[in-house]
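Residues per chain, in single letters:
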Amino acid sequence: MNAHINDVLDRIGEIYHDQIEPDARHYMEVNIGEKARELGYHELYAPLRDVYAVVPLKSPVPGMKVRIDGRTFLNYRRHPAGIAIPGHVAEAAGRGFDRYTARDSMILNFG
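Scope of this entry: the structure provided in the associated data block. Everything numeric here is computed off the predicted structure, so don't read it as measured data. (Residues numbered from 1 in each chain as written. Predicted model: local features only at pLDDT ≥ 70, side-chain atom pairs only at ≥ 80, totals over all residues. Heavy atoms only, no water.)

A word on the pattern of salt bridges
Applying the stated criterion to the full structure yields seven salt bridges. Put simply, Glu-34 and Arg-37 hold a salt bridge, and the shortest N to O gap is 3.0 Å. With Glu-34 and Arg-37 both in helix 2 (residues 32–38), this residue pair falls three residues apart, about one helical turn. According to the relative accessible area criterion, Glu-34 is partly exposed, its value standing at 30%. The salt bridge involving Glu-38 is made with Lys-35; its shortest N-O contact spans 3.0 Å. Separated by three residues within a single helix, Glu-38 and Lys-35 lie in helix 2, roughly one turn from each other. Overall, Glu-38 belongs to the exposed group, its relative accessible area being 58%. (Salt bridge = Lys/Arg side-chain N within 4 Å of Asp/Glu carboxyl O. Helix = DSSP H or I, 4+ residues; strand = E, 2+ residues; numbered from the N terminus. Buried < 20%, exposed > 50% of the residue type's maximum accessible area, 1.4 Å probe, protein only.)

In C-alpha cells, the structure reads:
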C-alpha cells in the first residue's frame, strides 16, 4: 500500500509542479483519496477520502480565499516535490519526509 500512496503523492507533485513554491503563504488543497481513485488505486479512496495535500502556490489563483491559522499544519511533512501532507499519510507512505513549517497565517485558495 505504501508504494501506491507514494505514487499518488508523486503524481500530485508532478501535476502541480509549475505552481509550487514550497514556502508560500497561498495554497490550495488536493484530495488525496480522490486522486488515488483517479489513478486506479480504489483501495486507497476510503481511508484517504477526507485527507488533503497542501499545494503551496507561487501566486494566488482566481477565486475565493480564506485565511487559515498556520498551526493547523502542525503535524505535516514536506514531500520532495514541495507539497505538504499530514503526518499519518507520510508514515503510511513509509518514506522519510522533512517537517513542514507553515507560515503563521496561510491563505487557502479555492479556484
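What to know about the nonpolar core
In this structure, Leu-9, Ile-12, Ile-32, Val-55, Ile-85 and Val-89 are the most contacted members of the largest nonpolar core, which totals 23 residues. Of all elements in the fold, only helix 1 (2–15), strand 1 (26–31), helix 2, strand 2 (52–56) and helix 4 (87–93) reach the threshold of two or more residues within this core. Sorting elements by how many residues they give to this core places helix 1 first, with four residues. In this view, Val-89 contacts Ile-5, Leu-9, Ile-32, Leu-48 and Val-51; residues no more than four positions away in its chain are not counted. By size, the runner-up hydrophobic cluster in this structure holds nine residues, among which are Val-54, Phe-73, Met-106 and Leu-108. (Core = buried A, V, L, I, M, F, W, Y, C linked by side-chain atoms within 4.5 Å. Contact = heavy atoms within 4.5 Å.)

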